[in-house]
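The lines below spell out each chain.
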Amino acid sequence: MSEFQTGPEFAAAVDARDPLARFRDRFYFPVASDGQECLYLCGHSLGLQPKSTHAYIEQELQEWAKRGVEGHFHGRNPWMPYHRLLAKQTAALAGALPSEVVVMNSLTANLHLMMASFYCPTADRYKILIESGAFPSDQYAVKSQIAFQGFNPEESLLECRPRDSESYLRDEDIASIIEREGSSIAVILLGAVNYASGQLFNLPEITSLGHRMGCVVGFDLAHAIGNVPLHLHDWGPDFAVWCSYKYLNGGPGCVGGCFVHERHARAFELPRFAGWWGHDEPTRFRMGPDFQPMAGAEGWQLSNPPILALAPLRASMEIFAEAGIERLRAKSLTLTGYMEFLLQQTHSPAFSILTPADPNRRGAQLSIRIAHDGRSLCDRLAAEGVIGDWREPDTFRVAAVPLYNSYRDVYRFVQRFASRFS
Ligand SMILES: Cc1ncc(COP(=O)(O)O)c(C=O)c1O
């Protein structure tokens, strides 16, 4: 028997005993044209704004106004070490040591920096394995890295594909391609949660198998960080990159992040694209001509960080620290399971869920394949304040985010969505 029920009283009852329900009030919800709060299920694309964000930015604007350049060294939170205010909380979400993470740049820029260090192709080992349908920016980045190293992207990019008529990859198919091709794979780079299907890969298994085969392993955590608990230090991938505007609620284009495993903390011999902010801190301001990297992930920094863009992330990270990623995941599993249950109860042939049914193989997102006219349906829903997003050719993506979505949101969404097909 299902743990869920179809009526609205079920949603009301679960919301009433949800220990995380109070966090909803900490966020602004967009308002629809009728003046009502939107039904916002788009945290996989752009997370909502914490109400405390203004104050964090305002504080730094005031420091700047009051102190000018002295703000780098004085004030409540001097800007020189400002990025470190995020290290502990970021590390908690990544399952890493604070020295293994750094908040900097944007995702694609970080991916290039990581590839510059970790993609070191040889005549025998030169391939990069990605999932087919990886996010386009990742595909562009790795293809350009392959070409930059003088190899042919046509031969060097290996794509792991779902079987015919299946919508996501089977674990055993990922394993078998790594076993079969491993000796020629230089880097395995997977989106930890695939942006289109919502599939969460078996990151520890992939890491250990990849390493057994001698490959470097890296993950794009854009859709994973803040969505599912991660244990990067223990799982042991070599690197990971992410953005902060999805589940991390840092705001549009917010600064991304990077993980470099401790085993590479002092790998100063690795090739790297250098900048002064990655230079050994005590001697950085001697302004010498030779680059000496800092130990740890900070050694990949290029520039002094944009404080006004880091400030919003502090607002969100404070909330994450209070809520706790394990508690959020527990709620997320039931919220998403509830959405799946309600969608299935409609028994509509007009749409199907293409995200894995196994809760261990997905995060908050469900990707719904719509047989006909999905795009215009999605636009009509958006005009009414029901916000998910559309990915060509046929996928409507929605995510019930445990920090700010309720069971009632899920109930109302499925009512509105399903009514379009009856
Ligand atoms: C999976 C994935 N990778 C990469 C990117 C690109 O991120 P950025 O624009 O921060 O480089 C995105 C953006 O949405 C993404 O979803």
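Up top is the structure these notes are about.
This structure is a prediction, so every number in the text was calculated from the model and none was measured. (Residues numbered from 1 in each chain as written. Predicted model: local features only at pLDDT ≥ 70, side-chain atom pairs only at ≥ 80, totals over all residues. Heavy atoms only, no water.)

Visitor: How should I be thinking about the overall build of the chain in this particular structure?
Guide: Helices and strands together make up the secondary structure of the chain, namely 13 helices and 13 strands. Relative to the globule expectation of 22 Å for 422 residues, the C-alpha radius of gyration of the chain, 22 Å, shows essentially globular dimensions. By sequence separation, contacts in the chain at least 24 residues apart represent 70% of the contacts at least 6 residues apart. With an accessible surface of roughly 18000 Å², the chain has 53% of that area assigned to carbon and sulfur atoms. (Helix = DSSP H or I, 4+ residues; strand = E, 2+ residues; numbered from the N terminus. Rg over C-alpha atoms; globule rule 2.2 N^0.38 Å. Contact = heavy atoms within 4.5 Å. Areas by Shrake-Rupley, 256 points an atom, 1.4 Å probe, with all protein chains shown as cover.)

Visitor: Just checking my understanding: could you explain the sheet that holds strand β2 (residues 101-103) for this structure?
Guide: Reading across the sheet, the seven strands line up as β2-β8-β7-β6-β5-β3-β4 and stay open at both edges, with mixed pairing between neighbours. In this open sheet, the two edge strands, each paired with only one partner strand, are β2 and β4 (157-160). Strand-to-strand, the axes of this sheet are offset by a mean angle of 15 degrees, without reference to chain direction. As defined by bridge partners, strand β3 (residues 127-131) adjoins β4 across four bridges and the pair is classed as parallel. What sits directly across from Glu131, in β4, is Cys160. (Pairing = 2+ DSSP bridges. Axes fitted to C-alpha atoms, helices over the stretch in contact; angles between N-to-C directions.)

Visitor: Any chance you could explain the packing of aromatic side chains here in plain terms?
Guide: Centre distance and the angle of the planes are the two values used to describe a pair of aromatic rings. Under the defined criterion, the tally for this structure stands at 21 aromatic pairs. Judged by centre distance (6.2 Å) and plane angle (20 degrees), the ring pair of Phe118 and Trp300 falls under stacked. In this pair, Phe118 is assigned in helix α4 (residues 107-118) and Trp300 in the loop between β8 (257-260) and α10 (307-323), connecting sequence segments 182 residues apart. In this structure Phe118 comes out as buried when scored by relative accessible area, which is 5%. Consider the rings of Phe148 and Phe273, whose centres lie 6.3 Å apart with planes at 90 degrees: the pair is edge-to-face. Pair noted here: Phe148 is in helix α5 (residues 136-148) and Phe273 is in the loop between β8 and α10, with a separation of 125 residues, a long-range link. (Phe/Tyr/Trp six-rings, centres within 6.5 Å; stacked < 30°, edge-to-face > 60°. Buried < 20%, exposed > 50% of the residue type's maximum accessible area, 1.4 Å probe, protein only.)

Visitor: Just to check I follow, could you spell out the site of the ligand for this structure?
Guide: Close to the ligand lie Ser106, Leu107, Thr108, Phe135, Asp138, Asp220, Ala222, His223, Tyr245 and Lys246. Contact between the ligand and Leu107: an oxygen atom at 3.4 Å from a main-chain N or O atom of the residue. A distance of 2.7 Å separates a nitrogen atom of the ligand from a polar atom in the side chain of Asp220. Contact with the protein chains hides 83% of the accessible area of the ligand, taken as 400 Å² for the molecule alone. (Near = heavy atom within 4 Å. Polar contact = N/O pair within 3.5 Å; in protein donor to acceptor, adjacent residues only side chain to side chain.)

Visitor: Please explain unusual backbone geometry as it appears in this structure.
Guide: With the exception of glycine, the majority of residues adopt a negative phi angle, and the majority of peptide bonds are in the trans configuration. With an omega dihedral of 5 degrees, the bond running from Glu392 to Pro393 counts as a cis peptide bond. Residue placement: Pro393 occurs in the loop between β12 (389-391) and β13 (395-399). Positive phi, normally seen in glycine, also occurs at Asn105, with a value near 50 degrees. Of note, the phi angle at Ser165 is positive, near 65 degrees, even though the residue is not glycine. The topology assignment puts Ser165 in the loop between β4 and α7 (171-181).

Visitor: Looking at this structure, I do not really get the environment of Ser33. What am I missing?
Guide: The residue Ser33 is located in the loop between α1 (8-16) and β1 (39-40) in this model. Through-space distance from the C-alpha of Ser33 to that of Ala295 is 52 Å; in sequence the pair is 262 residues apart.

Visitor: Is there a simple way to explain the packing of α7 against helix α8 (residues 203-212) in this structure?
Guide: Between two packed helices, both the angle of their axes relative to each other and the distance between the axes serve to describe the pair. Two elements in contact, α7 and α8, have axes whose closest approach is 9 Å; the angle formed by their N-to-C orientations is 10 degrees. Taken together, the axes of α7 and α8 lie roughly parallel to each other. Each of Ile174, Ala175, Ile178 and Glu179 in α7 lies in contact with α8, whose residues at this interface are Ile206, Leu209 and Gly210. Residues belonging to the contact of α7 with α8 are distributed by class as follows: five nonpolar, one polar and one charged. (Parallel < 35°, antiparallel > 145°, perpendicular 65-115°, else oblique. Nonpolar A, V, L, I, M, F, W, Y, C, P; charged D, E, K, R; others polar.)

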